[in-house]
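This is what each chain is made of:
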Amino acid sequence: MKIHLTRIQLLCHFLCLLPLFFLIYEAILNQLTVNPVREIAIRTGRTAITILLFSLLCTPLNNLLGLNSILLIRRTSGLYAAFYALLHFVNFIGFDYSFAWSEIWGVIRHQPSLIIGLTAFILLIPLAVTSVQIFQKWLNKWWKRLNRLIYIIMLLEILHFFLAVRADLLLPKIYLFLYFLLMVLRIPYFSRWKFNFPRITEINNFFNKMLF
Amino acid sequence: MKTNKIPSSQITPEEIYISRRKFIKNLAIISAGSMIAASCNGSSSLSPSSTPELTNPAKDELGDPLNSFQDITGYTNYYEFAEDKSSPSRLAQGLKTFPWSLKVDGLVNNPKTYFVDDLKKKYPSEERIYRLRCVEAWSMVIPWLGFPLNKLFEEVEPTSAAKFVRFETLKDPAQYPGQGNRSYPWPYTEGLRLDEAMHDLTILGTGLYGKDLPPQNGGPIRLVVPWKYGFKSIKAIVHIELVAEQPTSFWMNLWPEAYGFYANVNPEVPHPGWSQSSELRIGETKRRKTLMFNGYADQVAALYQGMDLTINF
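What this report covers is the structure whose coordinates are included nearby.

Thoughts on the pairing of strand β11 (residues 278-281) of chain B
Residues and elements named next belong to chain B.
Then step 1. Along β11, one buried face is formed by Ser278 and Leu280 and the opposite face, lined by Glu279 and Arg281, is buried too.
Then step 2. Inspection of the sheet shows strand β4 (residues 138-148) paired to β11 by 2 bridges, in the parallel sense. The residue bridging serine 139 from the neighbouring strand is arginine 281, located in β11.
Then step 3. Between the antiparallel neighbours β11 and strand β12 (residues 288-289) lie 6 residues, among them glycine 283 with a positive phi of about 100°.

Things to note about the nonpolar core
Then step 1. Among the nonpolar cores identified, the biggest contains 84 residues, and Leu152, Phe153 and Ile240 of chain B are the most heavily contacted of them.
Then step 2. In terms of residue count, the dominant contributor to this core is β4 of chain B (6 residues).
Then step 3. With residues near it in sequence (within four places) discarded, isoleucine 240 of chain B still touches Leu102, Lys103, Val104, Asp105, Leu149, Leu152, Phe153, Val165, Arg166, Phe167 and Leu204 of chain B.
Then step 4. In terms of nonpolar packing, the next biggest core, distinct from the first, is built from 37 residues, Ala81, Phe121, Leu124 and Leu127 of chain A among them.

What to know about the environment of glutamate 190 of chain B
Residue and element names in this part refer to chain B.
Then step 1. Inspection of the secondary structure puts glutamate 190 in strand β6 (residues 189-193).
Then step 2. Overall, glutamate 190 belongs to the buried group, its relative accessible area being 0%.
Then step 3. For glutamate 190 and arginine 166, which are 24 residues apart along the polypeptide, the C-alpha to C-alpha distance reads 5.9 Å.
Then step 4. When neighbours within four sequence positions are excluded, glutamate 190 is seen to be in contact with Val165, Arg166, Phe167, Phe231, Lys232, Ile234 and Ser249.
Then step 5. For glutamate 190, the side chain forms a polar contact with the side chain of lysine 232, separated by 2.7 Å.

Conventions used here
Residues numbered from 1 in each chain as written. Chains lettered and ligands numbered in written order. Predicted model: local features only at pLDDT ≥ 70, side-chain atom pairs only at ≥ 80, totals over all residues. Heavy atoms only, no water. Buried < 20%, exposed > 50% of the residue type's maximum accessible area, 1.4 Å probe, protein only. Helix = DSSP H or I, 4+ residues; strand = E, 2+ residues; numbered from the N terminus. Pairing = 2+ DSSP bridges. Core = buried A, V, L, I, M, F, W, Y, C linked by side-chain atoms within 4.5 Å. Contact = heavy atoms within 4.5 Å. Polar contact = N/O pair within 3.5 Å; in protein donor to acceptor, adjacent residues only side chain to side chain.

What follows is the structure, given as structure tokens:
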């Protein structure tokens, strides 16, 4: 099997792995503050939400600007979002609560914000698993329907973000705004809008270049 | 006004005092030794390390060791500087903490403005080893220096109309970059009921680990109320006002459903985002159970007799 990699795919892998690289690098140097568990929770959580929001922006960006190169990284970025959500979850149950299951369940049960986060994570699993092409063909039109869950997952993650911060709501507010913008762009009237910028076409061609 | 006396042995156990004496003595020997060594090899560095390394770590009254000076001064919540916990240590170094005046007025017979240096001379520092439980579910054990707030109140004499105390931090965006963020209700304010403020555990902190209070920890003068979440212990105070009505605090203003007026450490009342039933002691790897009133129930529970603490959180 021959692997093709375009410039935009390489960029996507690079950018999505960067937060993990910094996390590991700073962990080795013992720079994740004196409370590394909290630092890991904040960073993996933010990264998961940011990448997921980006993956949802891919389709409208293609529709509006004809930036079809971005479609090549829609699935990859979605999978990275799920990966960071997994790290966030494992950090919570492992590093934070030392796999003390009864305590973890006791804490989650009474905490709507954690139930919301856990639901988002559980819903992400079937999407990640069925992202391979075999499932895509096998599930056919159901695959598309299943993947619409992502809009619910995104909303749950933003809600989880709102509840988990101390009171610094700026970032969650920005994400919620972008989410609504995204939903508006899905309305047929707007999704038919097309803009043609020669510069965009140039960028698109650049990113579509095969590396090997 | 009734204040609950607690035995001084519960504040700082005798053996710790003794071990601290030994430690200071050792430090003196070491520094004298290093001075001699320095004079021999011509090095210009005469002072020992500015960070006291406790070889025989002191403990709180529950038997838990103190957090290190580095932990305490390197991990702070100080939104006037930044929203993360590492940069205040760097950004706070420019804060002009001398001279610092503190105005005490409102419903008092003798309103007065003090210089912090005069206050320190007037009320000798006591060492208080207290647990600090942050609302974010982490905690530390800190050896504060300070004096009971009730000593100051003896002098200003609250009138019978005074029921609450309102505290205010300095407002100076030129020194506090975080105060440029208009989404917060600056200046930081806090409040206590008068009997809470008069309690013997409530101190005005002016130092830690035997030194002046570092600016990132709220220097030159801050409140320390050990049975409440850390945010109640307001930093860099410039104004204390005795009032008749319950004041609104900074965090109540921002999110009243999450941050109440009392903010007593209570494992039964969760924050909307996380559980308060357990906490991470900085320096440990496993969570420990959070204690009611942060372990000071014997001394302070009486203040809240008959109150529903899930409503008055």
